[in-house]
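# Observations on chain architecture
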Amino acid sequence: PGTPTMSPTASTIASALTLLALHPDIQADLRQECTQVLEGATPDSTTFEDLPLLNAVVYETLRLYPAAPFFARRSKDADVLEGGYRVEADSVMFMSPFIWHRSSKYWTHPERFNPSRFMPGGEWGGVGGSTSRNAWMPFGAGHRSCIGGQLALLEAKVAIGTLIQS
């Protein structure tokens, strides 16, 4: 009963494979990295550190196509947000990583698929770059972030790292 749905991880994998098909140079580099490091094996937590491009492709895919395109939160107190927007206590507010991740305030050429922004030395602050670590939040942020976010990252890396070697 009901309508079939696609899991967020399956959606991330499908988006990554589509982006790689549209960027054959990145696809070739990723295939080379995975083939050299994994030698036909399945990637796991012991090999991810040696696969920086695989990690970057998954992060960049989630920047462009976050698992949750929006989420809602209820304000505890009244507040005035940046730009002078007033929020009353107990208001429901929506946040969209889909829009946030495409802001030129946080990302250089945000509409482009550019995994190098997540490589060591890239622009994302999560790996030492100039962009704030909080500019990337496909699973939310803080104590209310998705409990399955790390599992979703692991599943996507395993699937893409395995498929790219085929």
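Anyway, here's the lowdown on the structure attached to this text. (Residues numbered from 1 in each chain as written. Predicted model: local features only at pLDDT ≥ 70, side-chain atom pairs only at ≥ 80, totals over all residues. Heavy atoms only, no water.)

### A word on the side chain of T9
Positionally, T9 belongs in helix α1 (residues 8-22). Taking relative accessible area as the criterion, T9 reaches 13% and is therefore assigned buried. With near-sequence residues (within four places) excluded, T9 lies in contact with A152, E155 and A156. (Helix = DSSP H or I, 4+ residues; strand = E, 2+ residues; numbered from the N terminus. Buried < 20%, exposed > 50% of the residue type's maximum accessible area, 1.4 Å probe, protein only. Contact = heavy atoms within 4.5 Å.)

### What to know about helix α5 (residues 149-163)
The terminal C-alpha atoms of α5, which comprises 15 residues, lie 21 Å apart, in line with the 21 Å expected from a rise of 1.5 Å per residue. Among all positions in α5, only G149, A152, L153, A156, K157, I160 and G161 are buried. Take α5 and look down its axis: the buried residues cluster within an arc of 145 degrees, on one side only. Where the residues of α5 are buried, they touch α1, α2 (24-38) and α3 (52-64). (Expected span 1.5 Å × (residues − 1). Arc of directions from axis to C-beta.)

### Description of unusual backbone geometry
Non-glycine residue E39 carries a positive phi angle of around 50 degrees. If you trace the backbone, E39 turns up in the loop between α2 and α3. Look at H109: it is not a glycine, yet its phi comes out positive at around 45 degrees. Assignment of secondary structure puts H109 in the loop between α4 (97-100) and α5.

### Focus on the nonpolar core
Across soluble globular proteins, nonpolar side chains have a tendency to be buried as a group. L30, W136 and I160 are the most contacted members of the largest nonpolar core, which totals 30 residues. At the level of elements, α1, α2, α3 and α5 are the ones that each hand at least two residues to this core. Looking at which element gives the most residues to this core, the answer is α3, with eight residues. Ignoring anything within four residues of it in the chain, the contact list for L30 reads L20, L53, L54, V57, I160 and I164. (Core = buried A, V, L, I, M, F, W, Y, C linked by side-chain atoms within 4.5 Å.)

### Here's the deal with α2
Compared with an ideal rise of 1.5 Å per residue, which puts 15 residues at 21 Å, α2 spans 20 Å between its outermost C-alpha atoms and is within 8% of the ideal. Listed in full, the buried residues belonging to α2 are I26, L30, E33, C34 and L38. Down the axis of α2, the smallest arc covering the buried residues is 95 degrees, so these residues share one side. Pointing more than 90 degrees away from the buried face of α2 are the exposed residues P24, D25 and Q36. Here the buried face of α2 lies against α1, α3 and α5. Positive phi appears at E39, one or two residues downstream of α2, with a value of about 50 degrees.

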